[in-house]
Amino acid sequence: MAMLKHDGPIGRLIPPIPTIIQWNCRSLLGKLDSFKALVGEHNCDVFALCETWLSEDINLTFPGYNIIREDRITRGGGVLIGVRKSHTFTRIPTPRQDIIETVAVKAKLGDLHVTITSIYIPPIANNEKEKIEKFKEDLGNLAVVLPGPLLILGDFNSHGVDWGCDKDDIRAPIIRDICDRFGFSILNSGEATRMQTPKSRASALDLSLCPSAMALDFSWKVIQDPIGSDHLPIEISYIKGGCPVGGIPVKCDLTRNIDWTRYGELVAASLSLDLEDLSPVQEYEKLVSIINKCALEAQTRRSHQARTFKKPPTPWWDKDCQAAFNKKREAFKAKIKEEMPY
């Protein structure tokens, strides 16, 4: 049986899971309050945005987060990274690019030490050979210059079979070649990240690249709420060493008022169960669940677990705003369900 190792007291065995939200917002200012609500809902540590459509004369503030951005000089475009103020980070200079807009930080998110870059690549026609070569050069330069481990997150504006599109465009082989050369994997599950419009089908244009050696350390999912954009946000979680376990979520120190004799008896009885057929992950989950459950049952006083109160995204965000926000999300889910061919 694998030994369960922990550094803290009972009830603090499960480390927080760093969470990153990636999104092509297509103009941030008009969606800022709804995005703040989404960030709070998902307990986001870092967000990587593109097509922010900001300019240097706009002073953007986001309570609780440091904002690092690179605005396009002309209209449109723009990339931005937000880092929760409880995390340490440094901005990493990026090479001057002809095609790719980019901003990057090196951050420490709990046990995750990583460089995160938010990028935006404008559409390129298949016959624009010079721009295609520049795109290949720019993407390769990013992989060379930025320190690893590196996450490359953004709208690549590329259709590729490998990430859920019907066919490859001219940029798809270039992205695959960069991944092979520099050891990246694409986290995408094949879900569409850009919604269907009257002129185009749903597609997966937003990609999340990570080192292949870390590909199994992340979970990746599309958040089914566009918040006014035509792209859907993506939630990326670092689950290595902090994978969710089936059991009782404990947010307090259970060792303060505990009957250790009863706790020992409860654990001994629980560990008598047959665990031989479980995988290492299942065995870990079972052990953590047993420890927390037995600690709760052996309390000599009622345990008051800390409650989490989510701060509203703005001072005027009341129950009616939240209800309208939830109603809009449910309407979107119903619309998507109706459009599904099965």
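See above for the structure.
Residues numbered from 1 in each chain as written. Predicted model: local features only at pLDDT ≥ 70, side-chain atom pairs only at ≥ 80, totals over all residues. Heavy atoms only, no water.

Asks: Could you give an account of the pattern of salt bridges, with specific residues and numbers?
Replies: Opposite charge on two side chains allows them to pair when their charged atoms are near. Taken as a whole and judged by the stated rule, the model has 15 salt bridges. Here Arg201 makes a salt bridge to Asp166, at a shortest N to O gap of 3.0 Å. Taken together, the residues span a long stretch of sequence, with Arg201 in the loop between strand E9 (184–186) and strand E10 (206–211) and Asp166 in the loop between strand E8 (150–155) and helix H3 (172–182) at a distance of 35 residues. An identical accessibility class is assigned to Arg201 and Asp166; each is exposed. The residue Arg194 makes a salt bridge to Asp230 at a minimum N-O spacing of 3.4 Å. Taken together, the residues span a long stretch of sequence, with Arg194 in the loop between E9 and E10 and Asp230 in the loop between strand E11 (218–222) and strand E12 (234–238) at a distance of 36 residues. (Salt bridge = Lys/Arg side-chain N within 4 Å of Asp/Glu carboxyl O. Helix = DSSP H or I, 4+ residues; strand = E, 2+ residues; numbered from the N terminus. Buried < 20%, exposed > 50% of the residue type's maximum accessible area, 1.4 Å probe, protein only.)

Asks: Outline the sheet that holds strand E7 (residues 112–120), listing residues and values.
Replies: Spatially, six strands are ordered E5-E6-E7-E8-E10-E9 in an open sheet, and the strand pairing comes out mixed. What marks the edges here is a single partner per strand, and that holds for strand E5 (88–92) and E9. Strand-to-strand twist in this sheet, taken as the mean axis angle between neighbours without regard to direction, amounts to 20°. For E5 and strand E6 (residues 101–109), the ladder comprises five bridges, and the chain directions are antiparallel. Bridge assignment links Ile92 to a residue of E6, and that residue is Ala104. Docked against the sheet, H3 engages E9 and E10, running at close to 135° with respect to E9. (Pairing = 2+ DSSP bridges. Axes fitted to C-alpha atoms, helices over the stretch in contact; angles between N-to-C directions. Contact = heavy atoms within 4.5 Å.)

Asks: I'd love a proper account of the environment of Leu112, names of residues and values included.
Replies: Here Leu112 lies in strand E7. Taking the C-alpha atoms as reference points, Leu112 and Pro149, 37 residues apart in sequence, are found 9.6 Å from one another. Residues in contact with Leu112, not counting those within four places in the same chain, are Ala107, Met214, Phe218 and Tyr238.

Asks: With reference to specific residues and values, describe helix H5 (residues 280–297).
Replies: The end-to-end C-alpha distance of H5, which contains 18 residues, comes to 26 Å, matching closely the 26 Å that a straight helix rising 1.5 Å per residue would cover. The complete set of buried residues in H5 reads Glu283, Leu287, Val288, Ser289, Ile290, Ile291, Asn292, Cys294 and Ala295. On its buried face, H5 is in contact with helix H4 (260–271). (Expected span 1.5 Å × (residues − 1).)

Asks: An account of the pairing of E12 is needed here, citing residue identities and associated values.
Replies: Side-chain positions along a regular strand alternate between the two faces of the sheet. Counting buried positions over the five residues of E12 gives five, a clear majority of the element. Burial along E12 is two-sided: Ile234, Ile236 and Tyr238 and Glu235 and Ser237, pointing in opposite directions, are all buried. The pairing of E11 with E12 spans five bridges and is antiparallel. Following the sheet pairing, Trp220 is matched in E12 by Ile236.

Asks: Can you explain the nonpolar core? Please cite residues and give values.
Replies: Grouped together as the largest cluster of nonpolar side chains are 30 residues, with contacts concentrated most on Ile116, Leu151, Phe218 and Ile236. Breaking this core down by element, the ones donating at least two residues are strand E2 (46–50), strand E4 (79–84), E6, E7, E8, E11 and E12. What Leu151 contacts, discounting residues up to four positions off in sequence, is Ile20, Val114, Thr115, Ile116, Thr117, Leu209, Cys210, Pro211 and Phe218. Judged by nonpolar contacts, the second largest core, of 27 residues, contains Ile121, Phe135, Ala172 and Cys179. (Core = buried A, V, L, I, M, F, W, Y, C linked by side-chain atoms within 4.5 Å.)

Any functional reading would require information beyond the geometric quantities listed.
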